[in-house]
Amino acid sequence: MDQRIDGFHDPALCRSLVGAIRERLAGRRLRFMEVCGTHTVAIFRSGIRSVLADVVEHLSGPGCPVCVTHDREVAAFLDLASRPKVTVATFGDLMRVPGPGGRSLKAAQAEGATVKIVYSPADALEWAAAHPEEQVVFLGVGFETTAPAVAATLQMAKAREIMNFSVLSMHKLVPPALAALAADPDISLDAFLLPGHVSAIIGTEPYQFLAAEHGIPAVVAGFEPVDILDAIKTLAEMTAGGTARVENCYRRVVADAGNPRAMAILDEVFAVTDAPWRGIGVIPRSGLALRPEYAPWDARVVFAVEEQDVPPIPGCRCGEVLKGKLAPDGCPLFGRVCTPAAPVGPCMVSTEGSCAAYFKYRVR
Ligand code: SF4
(Lines give C-alpha, C1' and ligand atoms only; values in the text may rest on other atoms or scores of the structure.)
Protein backbone atom coordinates (compact mmCIF):
# COMPACT_ATOMS: atom_id res chain seq x y z
CA MET A 1 0.00 0.00 0.00
CA ASP A 2 1.11 3.55 -0.67
CA GLN A 3 3.13 4.65 2.36
CA ARG A 4 1.42 8.04 2.33
CA ILE A 5 -1.95 6.48 3.16
CA ASP A 6 -1.19 3.18 4.89
CA GLY A 7 -1.41 4.90 8.28
CA PHE A 8 -5.01 5.70 7.44
CA HIS A 9 -5.72 1.94 7.35
CA ASP A 10 -3.98 1.09 10.63
CA PRO A 11 -6.09 -1.73 12.19
CA ALA A 12 -5.15 -0.83 15.77
CA LEU A 13 -6.09 2.80 15.25
CA CYS A 14 -9.35 1.77 13.56
CA ARG A 15 -10.22 -0.49 16.52
CA SER A 16 -9.48 2.28 18.96
CA LEU A 17 -11.70 4.72 17.02
CA VAL A 18 -14.53 2.18 16.88
CA GLY A 19 -14.23 1.79 20.67
CA ALA A 20 -14.28 5.56 21.16
CA ILE A 21 -17.41 5.88 18.99
CA ARG A 22 -19.20 3.20 21.01
CA GLU A 23 -18.16 4.87 24.25
CA ARG A 24 -19.37 8.33 23.13
CA LEU A 25 -22.72 7.04 21.89
CA ALA A 26 -23.32 4.83 24.95
CA GLY A 27 -26.70 3.33 24.21
CA ARG A 28 -27.93 5.68 21.52
CA ARG A 29 -27.82 5.21 17.75
CA LEU A 30 -26.40 7.97 15.56
CA ARG A 31 -28.34 8.52 12.35
CA PHE A 32 -26.21 10.36 9.82
CA MET A 33 -26.22 11.01 6.10
CA GLU A 34 -23.15 10.91 3.89
CA VAL A 35 -23.52 13.20 0.89
CA CYS A 36 -20.84 11.79 -1.35
CA GLY A 37 -21.05 8.63 -3.42
CA THR A 38 -17.36 7.95 -2.77
CA HIS A 39 -18.07 7.94 0.98
CA THR A 40 -20.98 5.54 0.48
CA VAL A 41 -18.73 3.09 -1.34
CA ALA A 42 -15.80 3.57 1.10
CA ILE A 43 -18.04 2.97 4.13
CA PHE A 44 -19.26 -0.31 2.62
CA ARG A 45 -15.88 -1.45 1.30
CA SER A 46 -14.00 -0.81 4.55
CA GLY A 47 -16.58 -2.72 6.60
CA ILE A 48 -17.37 0.36 8.74
CA ARG A 49 -21.04 0.00 7.99
CA SER A 50 -21.30 -3.51 9.37
CA VAL A 51 -18.86 -2.99 12.27
CA LEU A 52 -20.89 -0.04 13.59
CA ALA A 53 -24.34 -1.25 12.52
CA ASP A 54 -25.66 -1.41 16.10
CA VAL A 55 -24.70 2.19 16.98
CA VAL A 56 -24.69 4.07 13.67
CA GLU A 57 -27.34 4.18 10.96
CA HIS A 58 -25.90 5.32 7.62
CA LEU A 59 -28.10 7.05 5.08
CA SER A 60 -26.84 7.79 1.59
CA GLY A 61 -27.83 11.25 0.41
CA PRO A 62 -27.82 13.00 -2.96
CA GLY A 63 -24.06 12.65 -3.48
CA CYS A 64 -23.88 10.77 -6.75
CA PRO A 65 -23.83 13.19 -9.69
CA VAL A 66 -25.38 10.73 -12.12
CA CYS A 67 -28.15 9.81 -9.68
CA VAL A 68 -29.28 13.39 -9.01
CA THR A 69 -29.49 14.27 -12.71
CA HIS A 70 -33.19 14.92 -13.22
CA ASP A 71 -35.39 12.94 -15.64
CA ARG A 72 -36.01 16.06 -17.69
CA GLU A 73 -32.27 16.71 -18.02
CA VAL A 74 -31.80 13.13 -19.21
CA ALA A 75 -34.61 13.67 -21.73
CA ALA A 76 -32.90 16.88 -22.90
CA PHE A 77 -29.54 15.24 -23.60
CA LEU A 78 -31.21 12.28 -25.30
CA ASP A 79 -32.97 14.80 -27.52
CA LEU A 80 -29.63 16.47 -28.32
CA ALA A 81 -28.11 13.10 -29.19
CA SER A 82 -30.83 12.55 -31.78
CA ARG A 83 -30.11 15.82 -33.63
CA PRO A 84 -28.26 15.64 -36.96
CA LYS A 85 -24.51 16.35 -36.97
CA VAL A 86 -24.41 16.47 -33.15
CA THR A 87 -21.80 14.46 -31.28
CA VAL A 88 -22.58 14.07 -27.60
CA ALA A 89 -19.40 13.81 -25.53
CA THR A 90 -19.86 12.33 -22.08
CA PHE A 91 -18.30 10.52 -19.17
CA GLY A 92 -19.05 6.81 -19.47
CA ASP A 93 -21.32 6.59 -16.44
CA LEU A 94 -24.09 8.57 -18.18
CA MET A 95 -24.32 6.05 -21.02
CA ARG A 96 -26.77 3.70 -19.33
CA VAL A 97 -28.86 6.20 -17.36
CA PRO A 98 -32.46 5.49 -18.30
CA GLY A 99 -34.59 8.32 -19.63
CA PRO A 100 -38.17 8.38 -20.94
CA GLY A 101 -39.35 4.89 -21.86
CA GLY A 102 -36.15 3.37 -20.47
CA ARG A 103 -34.16 4.82 -23.41
CA SER A 104 -30.51 5.68 -22.72
CA LEU A 105 -27.52 7.16 -24.57
CA LYS A 106 -26.39 3.59 -25.21
CA ALA A 107 -29.72 2.86 -26.89
CA ALA A 108 -29.53 6.14 -28.81
CA GLN A 109 -26.06 5.17 -30.01
CA ALA A 110 -27.40 1.82 -31.22
CA GLU A 111 -30.07 3.74 -33.12
CA GLY A 112 -27.40 5.80 -34.90
CA ALA A 113 -26.67 8.73 -32.62
CA THR A 114 -23.02 9.78 -32.33
CA VAL A 115 -21.95 9.49 -28.71
CA LYS A 116 -18.32 9.73 -27.67
CA ILE A 117 -17.01 8.75 -24.25
CA VAL A 118 -14.37 11.16 -22.98
CA TYR A 119 -12.26 11.27 -19.83
CA SER A 120 -12.29 15.04 -19.42
CA PRO A 121 -14.05 18.09 -20.87
CA ALA A 122 -10.69 19.04 -22.43
CA ASP A 123 -10.79 15.78 -24.44
CA ALA A 124 -14.20 16.82 -25.79
CA LEU A 125 -12.85 20.25 -26.75
CA GLU A 126 -9.89 18.72 -28.59
CA TRP A 127 -12.25 16.40 -30.45
CA ALA A 128 -14.30 19.43 -31.51
CA ALA A 129 -11.17 21.27 -32.65
CA ALA A 130 -10.15 18.30 -34.77
CA HIS A 131 -13.64 17.73 -36.24
CA PRO A 132 -15.03 21.11 -37.31
CA GLU A 133 -17.81 19.43 -39.30
CA GLU A 134 -19.39 18.16 -36.06
CA GLN A 135 -21.19 20.05 -33.30
CA VAL A 136 -19.72 18.59 -30.10
CA VAL A 137 -21.86 18.90 -26.96
CA PHE A 138 -20.24 17.99 -23.65
CA LEU A 139 -22.66 16.81 -20.96
CA GLY A 140 -21.68 18.71 -17.81
CA VAL A 141 -22.79 16.78 -14.74
CA GLY A 142 -21.35 16.81 -11.27
CA PHE A 143 -20.89 19.06 -8.29
CA GLU A 144 -18.44 21.79 -7.31
CA THR A 145 -15.66 19.23 -7.77
CA THR A 146 -15.97 18.72 -11.51
CA ALA A 147 -17.40 22.09 -12.54
CA PRO A 148 -14.07 24.03 -12.40
CA ALA A 149 -12.53 21.80 -15.10
CA VAL A 150 -15.56 22.41 -17.29
CA ALA A 151 -15.31 26.15 -16.65
CA ALA A 152 -11.61 26.13 -17.58
CA THR A 153 -12.43 24.23 -20.78
CA LEU A 154 -15.06 26.83 -21.69
CA GLN A 155 -12.50 29.58 -21.13
CA MET A 156 -10.19 27.71 -23.50
CA ALA A 157 -12.94 27.28 -26.13
CA LYS A 158 -13.62 31.02 -25.98
CA ALA A 159 -9.92 31.96 -26.17
CA ARG A 160 -9.35 29.65 -29.14
CA GLU A 161 -12.69 30.59 -30.76
CA ILE A 162 -13.73 26.96 -31.14
CA MET A 163 -17.34 27.51 -32.12
CA ASN A 164 -18.48 23.91 -32.71
CA PHE A 165 -18.12 23.04 -29.01
CA SER A 166 -20.76 23.61 -26.34
CA VAL A 167 -21.68 22.43 -22.85
CA LEU A 168 -25.06 21.33 -21.52
CA SER A 169 -24.58 22.39 -17.91
CA MET A 170 -26.43 20.23 -15.39
CA HIS A 171 -23.97 21.00 -12.59
CA LYS A 172 -25.31 21.11 -9.07
CA LEU A 173 -24.25 22.74 -5.81
CA VAL A 174 -24.18 20.68 -2.62
CA PRO A 175 -24.97 23.21 0.17
CA PRO A 176 -28.44 24.17 -1.19
CA ALA A 177 -29.36 20.47 -1.37
CA LEU A 178 -28.28 20.03 2.25
CA ALA A 179 -30.44 23.05 3.16
CA ALA A 180 -33.43 21.40 1.47
CA LEU A 181 -32.84 18.12 3.33
CA ALA A 182 -32.22 19.83 6.67
CA ALA A 183 -35.51 21.72 6.32
CA ASP A 184 -37.55 18.63 5.35
CA PRO A 185 -39.60 17.61 8.41
CA ASP A 186 -39.93 14.06 7.08
CA ILE A 187 -36.17 13.46 7.23
CA SER A 188 -34.83 13.07 10.72
CA LEU A 189 -31.05 13.25 10.84
CA ASP A 190 -28.56 13.59 13.69
CA ALA A 191 -25.65 14.68 11.51
CA PHE A 192 -24.07 15.06 8.07
CA LEU A 193 -20.79 13.56 6.86
CA LEU A 194 -19.66 16.24 4.40
CA PRO A 195 -17.99 15.46 1.07
CA GLY A 196 -14.19 15.74 0.99
CA HIS A 197 -13.83 16.49 -2.72
CA VAL A 198 -16.51 19.19 -2.89
CA SER A 199 -15.17 20.75 0.31
CA ALA A 200 -11.68 20.98 -1.20
CA ILE A 201 -13.21 23.51 -3.62
CA ILE A 202 -15.70 25.39 -1.42
CA GLY A 203 -14.15 25.03 2.04
CA THR A 204 -16.24 24.84 5.23
CA GLU A 205 -17.94 28.23 5.41
CA PRO A 206 -20.88 27.32 3.07
CA TYR A 207 -21.95 24.57 5.52
CA GLN A 208 -22.05 26.70 8.67
CA PHE A 209 -25.83 27.17 8.40
CA LEU A 210 -26.33 23.47 9.19
CA ALA A 211 -25.14 23.97 12.74
CA ALA A 212 -26.18 27.61 13.15
CA GLU A 213 -29.71 27.40 11.73
CA HIS A 214 -30.64 23.74 12.05
CA GLY A 215 -28.54 22.57 15.00
CA ILE A 216 -27.17 19.68 12.92
CA PRO A 217 -23.49 18.72 13.44
CA ALA A 218 -21.51 18.23 10.25
CA VAL A 219 -17.97 17.02 9.60
CA VAL A 220 -15.84 17.13 6.44
CA ALA A 221 -14.25 13.70 6.03
CA GLY A 222 -11.62 12.04 3.86
CA PHE A 223 -12.06 8.64 2.30
CA GLU A 224 -9.73 6.24 4.12
CA PRO A 225 -11.03 4.13 7.05
CA VAL A 226 -9.28 6.23 9.72
CA ASP A 227 -10.58 9.44 8.09
CA ILE A 228 -14.16 8.20 8.17
CA LEU A 229 -13.97 6.74 11.68
CA ASP A 230 -12.36 9.93 13.00
CA ALA A 231 -15.19 11.96 11.45
CA ILE A 232 -17.83 9.66 12.93
CA LYS A 233 -16.14 9.92 16.33
CA THR A 234 -16.29 13.72 16.06
CA LEU A 235 -19.97 13.54 15.16
CA ALA A 236 -20.60 11.12 18.05
CA GLU A 237 -18.86 13.51 20.47
CA MET A 238 -21.00 16.43 19.35
CA THR A 239 -24.16 14.33 19.48
CA ALA A 240 -23.34 13.04 22.95
CA GLY A 241 -22.48 16.55 24.16
CA GLY A 242 -25.62 18.09 22.65
CA THR A 243 -23.59 20.55 20.56
CA ALA A 244 -23.55 21.26 16.85
CA ARG A 245 -20.59 22.59 14.91
CA VAL A 246 -19.12 22.24 11.44
CA GLU A 247 -15.73 20.55 11.78
CA ASN A 248 -13.00 19.86 9.26
CA CYS A 249 -11.48 16.40 9.76
CA TYR A 250 -9.78 16.37 6.33
CA ARG A 251 -7.27 19.18 6.78
CA ARG A 252 -4.56 17.48 4.72
CA VAL A 253 -6.70 18.21 1.65
CA VAL A 254 -9.42 20.68 2.62
CA ALA A 255 -8.62 24.27 3.61
CA ASP A 256 -11.38 26.07 5.48
CA ALA A 257 -11.28 28.77 2.81
CA GLY A 258 -11.51 26.19 0.01
CA ASN A 259 -9.72 26.75 -3.27
CA PRO A 260 -10.13 30.44 -4.19
CA ARG A 261 -8.65 29.96 -7.66
CA ALA A 262 -11.12 27.22 -8.59
CA MET A 263 -14.00 29.27 -7.20
CA ALA A 264 -12.89 32.31 -9.21
CA ILE A 265 -12.91 30.23 -12.43
CA LEU A 266 -16.38 28.97 -11.57
CA ASP A 267 -17.62 32.49 -10.97
CA GLU A 268 -16.12 33.80 -14.20
CA VAL A 269 -17.93 31.25 -16.37
CA PHE A 270 -21.05 30.21 -14.45
CA ALA A 271 -23.91 32.00 -12.73
CA VAL A 272 -25.86 30.37 -9.92
CA THR A 273 -29.35 29.31 -10.98
CA ASP A 274 -32.29 27.21 -9.80
CA ALA A 275 -31.84 23.53 -10.71
CA PRO A 276 -33.94 20.34 -10.73
CA TRP A 277 -32.71 17.42 -8.58
CA ARG A 278 -34.01 13.91 -9.01
CA GLY A 279 -36.30 13.06 -6.12
CA ILE A 280 -36.04 16.50 -4.53
CA GLY A 281 -37.38 18.80 -7.25
CA VAL A 282 -36.23 22.30 -8.10
CA ILE A 283 -33.93 23.73 -5.43
CA PRO A 284 -33.39 27.49 -5.57
CA ARG A 285 -29.86 28.60 -6.41
CA SER A 286 -28.52 25.04 -6.55
CA GLY A 287 -27.22 24.85 -10.12
CA LEU A 288 -24.73 26.46 -12.47
CA ALA A 289 -25.74 28.02 -15.78
CA LEU A 290 -23.34 29.52 -18.31
CA ARG A 291 -23.07 33.30 -18.10
CA PRO A 292 -24.36 35.29 -21.13
CA GLU A 293 -20.76 35.94 -22.28
CA TYR A 294 -20.55 32.18 -22.89
CA ALA A 295 -23.85 31.90 -24.81
CA PRO A 296 -22.09 30.75 -28.04
CA TRP A 297 -20.82 27.73 -26.06
CA ASP A 298 -24.05 27.13 -24.13
CA ALA A 299 -25.83 24.09 -25.62
CA ARG A 300 -29.15 25.33 -24.18
CA VAL A 301 -28.82 28.49 -26.27
CA VAL A 302 -27.16 27.02 -29.37
CA PHE A 303 -29.74 24.22 -29.73
CA ALA A 304 -32.73 25.99 -28.12
CA VAL A 305 -33.03 23.16 -25.58
CA GLU A 306 -36.35 23.13 -23.78
CA GLU A 307 -36.56 20.90 -20.73
CA GLN A 308 -39.97 19.37 -20.28
CA ASP A 309 -41.36 17.19 -17.52
CA VAL A 310 -41.36 13.52 -18.42
CA PRO A 311 -43.11 10.62 -16.67
CA PRO A 312 -41.05 9.10 -13.83
CA ILE A 313 -39.55 5.64 -14.28
CA PRO A 314 -42.31 3.18 -13.27
CA GLY A 315 -41.63 1.56 -9.90
CA CYS A 316 -38.23 3.20 -9.33
CA ARG A 317 -37.81 4.66 -5.83
CA CYS A 318 -34.53 6.52 -6.50
CA GLY A 319 -36.10 9.78 -5.31
CA GLU A 320 -36.76 8.39 -1.83
CA VAL A 321 -33.35 6.69 -1.74
CA LEU A 322 -31.61 9.99 -2.52
CA LYS A 323 -33.43 11.70 0.36
CA GLY A 324 -32.53 8.96 2.82
CA LYS A 325 -36.20 8.02 3.21
CA LEU A 326 -35.76 4.51 1.87
CA ALA A 327 -32.86 2.08 1.94
CA PRO A 328 -32.16 0.72 -1.55
CA ASP A 329 -33.11 -2.82 -0.55
CA GLY A 330 -36.49 -1.41 0.47
CA CYS A 331 -37.29 -0.83 -3.20
CA PRO A 332 -39.44 -3.73 -4.46
CA LEU A 333 -37.40 -3.87 -7.68
CA PHE A 334 -34.01 -4.07 -5.91
CA GLY A 335 -31.94 -7.11 -6.86
CA ARG A 336 -34.78 -8.79 -8.72
CA VAL A 337 -35.88 -6.57 -11.58
CA CYS A 338 -33.18 -3.93 -11.03
CA THR A 339 -29.51 -4.98 -10.97
CA PRO A 340 -26.26 -3.34 -12.14
CA ALA A 341 -26.45 -5.52 -15.27
CA ALA A 342 -30.02 -4.38 -15.97
CA PRO A 343 -30.53 -1.09 -14.08
CA VAL A 344 -34.02 0.37 -13.88
CA GLY A 345 -32.96 3.63 -12.24
CA PRO A 346 -29.79 5.74 -12.12
CA CYS A 347 -28.97 4.80 -8.51
CA MET A 348 -28.23 1.29 -9.83
CA VAL A 349 -26.24 2.58 -12.83
CA SER A 350 -23.42 4.56 -11.34
CA THR A 351 -20.65 2.90 -9.34
CA GLU A 352 -21.25 5.69 -6.79
CA GLY A 353 -25.00 5.07 -6.66
CA SER A 354 -26.52 3.85 -3.40
CA CYS A 355 -28.41 0.99 -5.01
CA ALA A 356 -25.31 -0.23 -6.87
CA ALA A 357 -23.27 -0.07 -3.63
CA TYR A 358 -25.94 -2.00 -1.71
CA PHE A 359 -26.06 -4.58 -4.45
CA LYS A 360 -22.30 -4.99 -4.66
CA TYR A 361 -21.59 -5.20 -0.94
CA ARG A 362 -24.74 -6.77 0.52
CA VAL A 363 -26.30 -9.07 -2.04
CA ARG A 364 -24.72 -12.48 -2.40
S1 SF4 B 1 -33.32 -0.55 -6.85
FE2 SF4 B 1 -33.42 0.21 -8.97
S3 SF4 B 1 -35.55 0.77 -9.29
FE4 SF4 B 1 -35.22 0.64 -7.06
S5 SF4 B 1 -34.65 2.70 -6.40
FE6 SF4 B 1 -32.75 1.63 -6.86
S7 SF4 B 1 -32.32 2.14 -8.99
FE8 SF4 B 1 -34.48 2.66 -8.65
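Residues numbered from 1 in each chain as written. Predicted model: local features only at pLDDT ≥ 70, side-chain atom pairs only at ≥ 80, totals over all residues. Heavy atoms only, no water.

S.K.: Residue-level account of the packing of helix α2 (residues 11–25) against helix α13 (residues 225–241), with values.
M.R.: Axis separation between α2 and α13 bottoms out at 9 Å; the angle between their running directions is 15°. Put simply, α2 runs roughly parallel to α13. When the axes of α2 and α13 are compared, the crossing they make is left-handed. Note on element contacts: α13 touches α2 through Pro-225, Val-226, Leu-229, Asp-230, Ile-232, Lys-233, Ala-236, Glu-237 and Ala-240, opposite Leu-13, Cys-14, Leu-17, Val-18, Ala-20, Ile-21, Arg-24 and Leu-25. (Axes fitted to C-alpha atoms, helices over the stretch in contact; angles between N-to-C directions. Helix = DSSP H or I, 4+ residues; strand = E, 2+ residues; numbered from the N terminus. Parallel < 35°, antiparallel > 145°, perpendicular 65-115°, else oblique. Left-handed = near helix turned anticlockwise from the far one by under 90°. Contact = heavy atoms within 4.5 Å.)

S.K.: Help me get a handle on the sheet that holds strand β6 (residues 165–169), residues and values and all.
M.R.: Taking strand neighbours across the sheet as the criterion, the four strands line up as β4-β3-β5-β6 in an open arrangement whose pairing is parallel. The open sheet has two edge strands, β4 (114–117) and β6, and neither has a second partner. Here the strands of the sheet are splayed against their neighbours by 30° on average, with no regard to which way each runs. As judged from the four bridges shared by strand β3 (residues 86–90) and strand β5 (residues 135–140), these two strands associate in the parallel manner. Looking at the pairing, Thr-87 lines up with Val-136 of β5. Across the sheet, helix α6 (residues 71–81) lies against β3, β5 and β6, angled at about 135° from β3, the strand it touches most. Contacts from helix α9 (residues 147–160) reach β5 and β6 within the one sheet, and its direction differs from that of β6 by about 150°. (Pairing = 2+ DSSP bridges.)

S.K.: An account of the nonpolar core is needed here, citing residue identities and associated values.
M.R.: Of all hydrophobic cores here, the largest spans 78 residues; its most connected members are Leu-105 and Phe-192. If you tally residues by element for this core, the top one is α6, at six residues. (Core = buried A, V, L, I, M, F, W, Y, C linked by side-chain atoms within 4.5 Å. Buried < 20%, exposed > 50% of the residue type's maximum accessible area, 1.4 Å probe, protein only.)

S.K.: Account for the pairing of strand β10 (residues 270–277), naming residues and giving values.
M.R.: Note that β10 and strand β11 (residues 281–290) share seven bridges and pair antiparallel. Within β11, the position partnered with Phe-270 by the bridge is Leu-290. If you look at the hairpin formed by β10 and β11, you'll find three residues sitting between the two strands, and Gly-279 has a positive phi there, around 80°.

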